[in-house]
Amino acid sequence: MTDQVLGFIGLGRMGGLMAARLLDAGHRLVVCDTAPDALAPLVTRGAEAAQYPAEIADRADIIITCLPTPKVVEEVALGVRGVAQGKRAKFMVDTSTTGSAVAARIAAGLVQRGIAGIDAPVSGGLAGARAGTLAVMLACTPEQRLILEPVLAAFGRIFHVGEKPGLGQSMKLVNNILSAVSLAATAEAVVMGVKAGLDAETIIDVVNAGTGRSSASQDKFPRAILPRSFDFGMPAGLFLKDVGLYLSEAEALDAPREIAEVIVKHWRETAETQGADQDMTTIVRMLEERAGVRVAAKDAPND
């Protein structure tokens, strides 16, 4: 596209970092968020501000969204002041986690206004968003891919998972349930080991040298759990939303889901006991309280 302008809606912890990557890549950018403070760092760097999604859709060719819930994504896309009301945009690329049914419904609504609704959820956390090393799960046609991939490459590695709207969401839910399982299982096992008398750091070192290693033991425990910072970057309430979406999709497909049912229960209890706004790694605290132990590095501060 000549003189292509990008739009970005949703400048939270992930979205703000992703929008910054687009500026780093030299793109002209229009941004929108319900929190005025979220706009300032990007506007200072040269981004233009818009009040509503429809305004961005009047000014940008490709709009990227990073939003917290399916309801918010649908409102931004199809609501009264939504993207569908704009006159310029040709693509809305959603990087949120909404589930495949919502992605398909949004795509069907947008296409009536001449806009392609594309799902391209991402994984890799705040560190990946900052470094541009996210996994981007793109569902679109080959022709759309040629246009979108050079833009989305600013975020990380592109995986073209299929053409049908919603396939990117299905892929994201597969990824997130596996992440949830590894964290819950590792947390439960380490709590048991500490209660048996083992040192938490030793447990993680041995697991990471053996067959039990996972993203939880290699990343989440060293970075956020053993130091007791609990700041990996994903609130427990949002993670509960994601695993709940997986369970709903598995039910709709009549796929096996026994493990997912247990995982949803664990994150519901974590959100209820630790707080939905607390980091997902606080699942360890929930298990510690039940076991009467503390999982921490030797030099970790008291909490």
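Described in the following lines is the structure provided in the data block.

Conventions and cut-offs
Residues numbered from 1 in each chain as written. Predicted model: local features only at pLDDT ≥ 70, side-chain atom pairs only at ≥ 80, totals over all residues. Heavy atoms only, no water. Patch = residues over 30% accessible without salt bridge, like charges linked within 9 Å, V, L, I, M, F, W, Y side chains within 5 Å. Areas by Shrake-Rupley, 256 points an atom, 1.4 Å probe, with all protein chains shown as cover. Salt bridge = Lys/Arg side-chain N within 4 Å of Asp/Glu carboxyl O. Helix = DSSP H or I, 4+ residues; strand = E, 2+ residues; numbered from the N terminus. Buried < 20%, exposed > 50% of the residue type's maximum accessible area, 1.4 Å probe, protein only. Pairing = 2+ DSSP bridges. Axes fitted to C-alpha atoms, helices over the stretch in contact; angles between N-to-C directions. Parallel < 35°, antiparallel > 145°, perpendicular 65-115°, else oblique. Left-handed = near helix turned anticlockwise from the far one by under 90°. Contact = heavy atoms within 4.5 Å. Nonpolar A, V, L, I, M, F, W, Y, C, P; charged D, E, K, R; others polar. Phe/Tyr/Trp six-rings, centres within 6.5 Å; stacked < 30°, edge-to-face > 60°. Lys NZ or Arg CZ within 6 Å of the ring centre and 35° of its normal. Core = buried A, V, L, I, M, F, W, Y, C linked by side-chain atoms within 4.5 Å.

## So, a nonpolar patch on the surface
Next up, step 1: Nonpolar side chains collect at one region of the surface, where M171, V174 and L178 lie side by side and expose about 260 Å² of accessible area between them.
Next up, step 2: Take M171: it is sitting in helix α8 (residues 167-196).

## A closer look at the pairing of strand β6 (residues 116-119)
Next up, step 1: Residues A116 and I118 of β6 are buried on one face, and the alternating residues G117 and D119, pointing to the opposite face, are buried as well.
Next up, step 2: Two elements, strand β5 (residues 91-94) and β6, share 4 bridges in a ladder whose sense is parallel. Counterpart to M92 in the pairing with β6 is G117.

## Let's talk about the packing of α8 against helix α12 (residues 258-274)
Next up, step 1: It is at 10 Å that the axes of α8 and α12 come closest, and there the two elements cross at 65 degrees. The orientation of α8 relative to α12 falls into the category roughly perpendicular. Regarding α8 and α12, the two cross each other, and that crossing is left-handed. Note on element contacts: α12 touches α8 through I259, A260, I263, H266 and W267, opposite I177, A180, V181, L183, A184 and E188.
Next up, step 2: Grouping the amino acids of the contact of α8 with α12 by side-chain chemistry returns 9 nonpolar, 1 polar and 1 charged.

## Comments concerning the environment of V190
Next up, step 1: Among the structural elements, V190 can be located in helix α8.
Next up, step 2: On the basis of relative accessibility, which here comes to 2%, the residue V190 falls in the buried class.
Next up, step 3: As for V190 and A120, which are separated by 70 residues in sequence, their C-alpha atoms are 34 Å apart.
Next up, step 4: Excluding its chain neighbours within four sequence positions, the residues that come into contact with V190 are I203, I204, F221 and V295.

## Here's the deal with the environment of G233
Next up, step 1: Here G233 is to be found in the loop between α10 (215-225) and α11 (236-253).
Next up, step 2: The class of G233 is buried, set by a relative accessible area of 17%.
Next up, step 3: Linking G233 and G46, residues 187 residues apart in sequence, is a C-alpha distance of 27 Å.
Next up, step 4: Apart from residues lying up to four places away in sequence, G233 is in contact with R13, L126 and D279.

## Some words on the packing of aromatic side chains
Next up, step 1: Counted according to the given criterion, the structure contains 1 aromatic pair.
Next up, step 2: With a centroid separation of 5.0 Å and 70 degrees between ring planes, the pair formed by F239 and W267 is classed as edge-to-face. Of the two residues, F239 sits in helix α11 while W267 sits in helix α12, which places them 28 residues apart along the sequence. Accessibility classification places F239 together with W267 in one group, the buried group.
Next up, step 3: A cation over a ring is seen here: R81 above Y52, with NZ or CZ 4.0 Å from the ring centre.

## A few points about the nonpolar core
Soluble globular proteins tend to pack their nonpolar side chains together in the buried interior.
Next up, step 1: Counting 37 residues, the largest nonpolar core has L183, F221, W267, I283 and V295 as the members making the most contacts within it.
Next up, step 2: Of all the secondary structure elements, the ones that give two or more residues to this core are α8, α9 (200-209), α10, α11, α12 and α13 (283-291).
Next up, step 3: If you tally residues by element for this core, the top one is α8, at 8 residues.
Next up, step 4: Formed by 34 residues, the second largest nonpolar core is a distinct cluster that contains V31, I64, V93 and L148.

## Let's talk about the pattern of salt bridges
Next up, step 1: Following the criterion strictly, the structure yields 18 salt bridges and no others.
Next up, step 2: Where E48 meets R28, a salt bridge forms, and the shortest distance between an N and an O atom there is 2.9 Å. Of this pair, E48 sits in strand β3 (residues 48-49) while R28 sits in strand β2 (residues 28-32), placing them 20 residues apart in sequence.
Next up, step 3: A relative accessible area of 25% means that E48 is categorised as partly exposed.
Next up, step 4: The structure contains a network of salt bridges with shared partners spanning R228, R285, E288, R294 and D303.

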